[in-house]
Amino acid sequence: MKVLAMIMVLLLQGIWCSADCWETERTALLQLQSHLNYSLQHDRYLSFYYYFYSDSTLSFYDSSMEIDVIKCCDWERVRCSATTGRVIQLNLENIKDFFAEMWYLNASLFLSFKHLNYLDLSENNIAGCLKNEGFQKLSSLENLEFLNLASNNFKTDILLSLTYLSSLKYLNLDDNDMKGRINIEELNSLTNLKNLSISGNEIEGFKSFNGGEELLNMSNLQHLDIGYNYIGNDVLSTLRGLSSLKTLWMYHNQLKGTFDLKELDTMSNLEVLFLDENNITKFIGSRGII
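Thresholds, definitions, all that
Residues numbered from 1 in each chain as written. Predicted model: local features only at pLDDT ≥ 70, side-chain atom pairs only at ≥ 80, totals over all residues. Heavy atoms only, no water. pLDDT = per-residue confidence, 0-100. Contact = heavy atoms within 4.5 Å. Core = buried A, V, L, I, M, F, W, Y, C linked by side-chain atoms within 4.5 Å. Buried < 20%, exposed > 50% of the residue type's maximum accessible area, 1.4 Å probe, protein only. Helix = DSSP H or I, 4+ residues; strand = E, 2+ residues; numbered from the N terminus. Disulfide = S-S within 2.5 Å. 1 Å grid on protein atoms, 1.4 Å probe; cavity = no way out; pocket = protein on both sides within 12 Å on 5 of 7 lines; lining within 4 Å. Points joined across faces, edges and corners; volume = space filled by probe spheres on them. Nonpolar A, V, L, I, M, F, W, Y, C, P; charged D, E, K, R; others polar.

Draft legend 1. Local environment of the confidence of the model for the chain. Put simply, the chain has an average pLDDT of 83, and 79% of its residues get 70 or more. Below a pLDDT of 50 lies the segment residues 1–19, which in the model reaches 13 contacts outside its immediate sequence neighbourhood of four places, other chains included. Confidence drops under pLDDT 50 across residues 52–61; counting only partners more than four residues distant or on other chains, this segment forms 21 contacts.

Draft legend 2. Seen up close, the nonpolar core. Of all hydrophobic cores here, the largest spans 66 residues; its most connected members are Leu90, Phe110, Phe135, Leu162 and Met250. Counting only elements with at least two residues in this core, the list comes to helix H2 (23–39), strand S3 (78–80), strand S4 (87–91), strand S5 (103–105), helix H3 (158–162), helix H4 (184–188), strand S12 (202–207) and helix H5 (235–238). Top element by residues in this core is H2. It accounts for five residues.

Draft legend 3. Quick peek at the side chain of Thr238. Here Thr238 shows up in helix H5. Residues within four places of Thr238 in sequence aside, it is in contact with Ile184, Phe206, Glu214, Leu215 and Leu216.

Draft legend 4. Representation of unusual backbone geometry. Not every positive phi belongs to a glycine, and Glu123 is a case in point at roughly 60°. Relative to the assigned elements, Glu123 resides in the loop between strand S6 (118–120) and strand S7 (126–129). Residue Glu277 is not a glycine yet carries a positive backbone phi of 60°. Tracing the sequence through the fold places Glu277 in the loop between strand S16 (272–274) and strand S17 (279–285).

Draft legend 5. Focus on the state of the cysteines. A full pass over the atoms with the stated rule returns one disulfide. Covalently, Cys73 is tied to Cys80 through a disulfide, its sulfur atoms 2.2 Å apart. Note on the Cys73 and Cys80 pair: the S-S dihedral is about -110°, so by sign convention the disulfide is left-handed.

Draft legend 6. Molecular detail of the layout of surface pockets. The space that makes up the largest pocket amounts to roughly 310 Å³. Every residue lining the largest pocket is counted, 17 residues in all, and those nearest its centre are Gly128, Cys129, Asp157, Ile158 and Ser161. At the level of secondary structure, the elements contributing two or more residues to the lining of the largest pocket comprise S7 and H3. Counted by class, the lining of the largest pocket contains nine nonpolar, five polar and three charged residues.

Set out below in structure tokens:
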């Protein structure tokens, strides 16, 4: 009786798993495809689709077919768990046509993928999210660890919505439209982050917008790339709190004159430091000029 009751609950919630697909995820994939097609102006080169083989012939799903033919794990750019069959990865990088205009994402469409741990939306010319449909909607996705938003057109305010994704370990915001100074409090809220890449923007540094100490204290961060920005020497005092950092890329910035390595003494785990393409004239260590 208990088993029957559980089955009834699953059926009522619409999440019963057939042999090929979880119903909610199957529906979500179709909704996501529809959103992408609409946002990208029905781009005929859109490379996010469902395909299957029928009598050894490759076929593609269209709205005239029964939805039951869809097997989530056969969907292009989708990866499922081998044990549960749940969708765990969505590789949606560069799905747009090269000449597509900027568009706005509805992040809520990912909510049905409860086991999602990897989401790649890079190289899609995304300008931002639809109103009230930003990444804060994904706070319930407790398994989401990898998020790649590189090569889009997100502004600096994208960070506020990302603060709700506390499970993130990898975040890539390279080559976007982030300008000025980054809010330290917003970055510090990403307490589990291990890898942060924000190169190729127009970032000038970091700032506390609440009047607090201007110190990054992301204790789990191991890799930081802030290359190709407009960052100056004052960034060094901000980075002192990154005690777990192993690699630091600060190439092609506005570092100049004397570089005081003593500012990095608190980074006892630092192994790699990239400072190419700056205007540094000399280095000073704890024992004088190097």
